[in-house]
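Listed here are the chains, written in short residue letters.
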Amino acid sequence: MEIARQFVQRHRAIINPGGPALLLLTMVIVFTAINPRFLSWINLFNLMRQSSILLIVATGITFVILMGAIDLSVGAIVTFVAISSAVLIRDFGFSAAAILFAASVIGALCGLFNAILVLRLRIPSFVATLSTMTIIGGISTWISGGVNVFFRSPDLTWSHPV
């Protein structure tokens, strides 16, 4: 307990509620000093676009952690959904709406499989999700043939302001 108290005393500036905002502001200042284009509209737009996926995944995994469990397979599931979606677009010409539905179903089925392992079969979440991470990662590699999956779809063309 004493070690924790010393840690908190030593890092009080970072741990307090304003700490993360202060750290973010410091990072923005440093990155802008290194490269003035950091604060350009295009770069900020790209940062928000790329961070949105992580935000969605982090929001979902927060509930798992709050319940006292852990899910190691999240990254593998995201990869599996992305590769499956790309293959469905490339090989079967799925539309954006169909991909949204298919990706949701694939992700939900993976989550259901994890839930059955943890809740019904009583396998510890660490072990269950570690094994599904490996299995789903292998399936993703098998589906993609071990290479990147390239596709073009007019439904999924992203245009950003210049």
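For the structure itself, look to the data block above.
Residues numbered from 1 in each chain as written. Predicted model: local features only at pLDDT ≥ 70, side-chain atom pairs only at ≥ 80, totals over all residues. Heavy atoms only, no water.

A. The overall build of the protein chain, seen in detail. Across its full length, the protein chain carries 7 helices and 0 strands. What you see for the protein chain is a C-alpha radius of gyration of 21 Å, clearly larger than the 15 Å of a compact globule of 162 residues, by over 25%. In terms of principal-axis extent, the alpha carbons of the protein chain reach across some 55 × 50 × 25 Å. For the protein chain, with 162 residues in total, the buried portion stands at 21%. A sequence separation of at least 24 residues applies to 61% of the contacts in the protein chain between residues at least 6 apart. Of the roughly 12,000 Å² of accessible surface on the protein chain, 73% is carried by carbon and sulfur atoms. On the protein chain, the mean spot of the 9 positive side-chain charges and the mean spot of the 4 negative ones are 8 Å from each other. (Helix = DSSP H or I, 4+ residues; strand = E, 2+ residues; numbered from the N terminus. Rg over C-alpha atoms; globule rule 2.2 N^0.38 Å. Buried < 20%, exposed > 50% of the residue type's maximum accessible area, 1.4 Å probe, protein only. Contact = heavy atoms within 4.5 Å. Areas by Shrake-Rupley, 256 points an atom, 1.4 Å probe, with all protein chains shown as cover. Lys, Arg positive; Asp, Glu negative; His and termini not counted. Charge placed at Lys NZ, Arg CZ, Asp CG, Glu CD.)

B. How the structure looks around the side chain of asparagine 114. Structurally, asparagine 114 is set in helix α6 (residues 96-120). Residues in contact with asparagine 114, not counting those within four places in the same chain, are Asp71, Ser73, Ile77, Ala128, Thr129 and Thr132.

C. A look at unusual backbone geometry. You will see that arginine 122, though not glycine, has its phi angle at about 60°, which is positive. On the basis of relative accessibility, which here comes to 67%, the residue arginine 122 falls in the exposed class.

D. Summary view of the packing of aromatic side chains. Tallied over the entire structure, the rule returns 3 aromatic pairs. Here tryptophan 41 and phenylalanine 45 contribute two aromatic rings whose centre-to-centre distance is 6.3 Å and whose plane-to-plane angle is 35°, an arrangement assigned as tilted. In this pair, tryptophan 41 and phenylalanine 45 both sit in helix α4 (residues 41-66), 4 residues apart, roughly one turn of the helix. The interplanar angle of 65° and the centroid separation of 6.5 Å between the aromatic rings of phenylalanine 92 and phenylalanine 94 together place this pair among those described as edge-to-face. Look at phenylalanine 92 and you get exposed, because its relative accessible area is 57%. Here phenylalanine 94 falls in the partly exposed class, since its relative accessible area comes to 30%. (Phe/Tyr/Trp six-rings, centres within 6.5 Å; stacked < 30°, edge-to-face > 60°.)

E. Highlighting the nonpolar core. In this structure, Ala76, Ile77, Phe80, Val81, Ala103, Ile106, Cys110 and Ile136 together form the largest nonpolar core, which totals 8 residues. Looking at this core, the elements that each hand over two or more residues are α5 (74-92) and α6. The greatest single-element share of this core, amounting to 4 residues, is contributed by α5. When sequence neighbours within four positions are dropped, the list of residues in contact with alanine 76 reads Met133, Ile136, Gly137 and Ser140. (Core = buried A, V, L, I, M, F, W, Y, C linked by side-chain atoms within 4.5 Å.)

F. The side chain of threonine 132, seen in detail. Within the secondary structure, threonine 132 is located in helix α7 (residues 125-144). Overall, the relative accessible area of 1% leaves threonine 132 in the buried class. In terms of polar contacts, threonine 132 uses its side chain to reach the backbone carbonyl oxygen of threonine 129, at 3.2 Å. Sequence-distant contacts of threonine 132, that is, excluding residues within four places in its chain, are made with Ser73, Phe113, Asn114, Leu117 and Gly137. (Polar contact = N/O pair within 3.5 Å; in protein donor to acceptor, adjacent residues only side chain to side chain.)

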